Amino acid sequence: MTNFYELDEVGQSLAMQGLAQRALAEWSLEGSELELIKYRENAVFKVQTGAGERYALRIHRHAYHSDAELRSELQWIAALDAAGIDVPGVVPTSKGDLFALVEVPEVPESRQVDLFAWVDGEQLGSVEAGVGDSASVTDTYRTIGQLAARLHNQATAWNPPEGFTRHAWDVDGLVGEEPFWGRFWELASLTSEERELLLRARARVAVDLAAYAVDPANAGLY
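Below is a summary of the structure that appears in this document. Since the model is a prediction, treat every value here as computed from it, not as a measurement.

### Topic: the packing of helix α2 (residues 67-82) against helix α3 (residues 137-157)
Relative orientation and spacing of two packed helices are given, respectively, by the angle between their axes and the distance between those axes.
Consideration 1: Across the interface, α2 lies against α3 with an axial gap of 11 Å and an inter-helix angle of 105 degrees. On the basis of their axis angle, the class for α2 and α3 is roughly perpendicular. Across the interface between the two elements, Trp76, Ala79 and Leu80 of α2 pack against Leu151, Gln154 and Ala155 of α3.
Consideration 2: Class assignment for the residues of the contact of α2 with α3 results in 5 nonpolar, 1 polar and no charged.

### Considerations on the nonpolar core
Most often, soluble globular proteins have nonpolar side chains that are buried together.
Consideration 1: Trp27, Phe45, Leu57, Ile59, Val113 and Leu115 are the most contacted members of the largest nonpolar core, which totals 24 residues.
Consideration 2: Elements represented by at least two residues in this core include exactly α1 (9-23), β1 (33-39), β2 (43-48), β3 (54-59), β4 (100-102) and β5 (111-117).
Consideration 3: Among the elements that take part in this core, α1 stands out by supplying 5 residues, more than any other.
Consideration 4: Setting aside residues up to four positions removed in sequence, Phe45 forms contacts with Ser13, Met16, Gln17, Ala20, Leu34, Glu35, Leu36, Ile37, Tyr55, Ala56, Leu57 and Ile59.
Consideration 5: Leu70, Leu74, Ile77 and Val90 belong to the second-largest nonpolar core, a separate cluster that totals 6 residues.

### Some points on the pairing of β1
Consideration 1: Two elements, β1 and β2, share 6 bridges in a ladder whose sense is antiparallel. The residue bridging Glu33 from the neighbouring strand is Gln48, located in β2.
Consideration 2: If you look at the hairpin formed by β1 and β2, you'll find 3 residues sitting between the two strands.

### Overview of the environment of Gln48
Consideration 1: Counting through the fold element by element, Gln48 comes out in strand β2.
Consideration 2: Through-space distance from the C-alpha of Gln48 to that of Gly145 is 33 Å; in sequence the pair is 97 residues apart.
Consideration 3: In this structure, Gln48 is in contact with Ser32, Glu33, Glu53 and Arg54, ignoring residues within four places of it in sequence.

Thresholds applied
Residues numbered from 1 in each chain as written. Predicted model: local features only at pLDDT ≥ 70, side-chain atom pairs only at ≥ 80, totals over all residues. Heavy atoms only, no water. Axes fitted to C-alpha atoms, helices over the stretch in contact; angles between N-to-C directions. Helix = DSSP H or I, 4+ residues; strand = E, 2+ residues; numbered from the N terminus. Parallel < 35°, antiparallel > 145°, perpendicular 65-115°, else oblique. Contact = heavy atoms within 4.5 Å. Nonpolar A, V, L, I, M, F, W, Y, C, P; charged D, E, K, R; others polar. Core = buried A, V, L, I, M, F, W, Y, C linked by side-chain atoms within 4.5 Å. Buried < 20%, exposed > 50% of the residue type's maximum accessible area, 1.4 Å probe, protein only. Pairing = 2+ DSSP bridges.

Right, here's the structure in full:
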């Protein structure tokens, strides 16, 4: 069998679709149609049932979040929903779990899979094409700012359940030796001048964050 990580994007997407089909059984949705929406860090599929119901199924990148971290994320999303903030509803498995661990022979590791209620919307743009001409940048960023404020207010007032844990965007997580999103200063496409600029910025961010107290008053969920 070809190594999953040696496949091109099309080959990996097909393997992920097989895993998504297997995962549907965890929600008793066997036989539903699957449509790939996006495959980057995660693989996200649209699920269309024979009864006309729609969901979004997400297959997580291997080893990015621990089970406890993902469970915490989904608990927070449910709390946002309960606070009246419009978020996609988390759909528990048939056993009542917030996510499932699913494996198929074509994918080398067991993957975390979760399911959300479908939310209709219109894409503002893409990395490749930029923001669409019809979008009002001012209105879009005003809405984002308002939503961010509501998220911060909810997080400040919320008491997380026991065992809640998430990645911390602290010095180590953001600019440490092994930051969560990789050693960005080592990108092969950088020129020497760009790399030097990023290294200076990294050093400055490390100093500023180290001086910033980490406590519930200013660090949010951690």
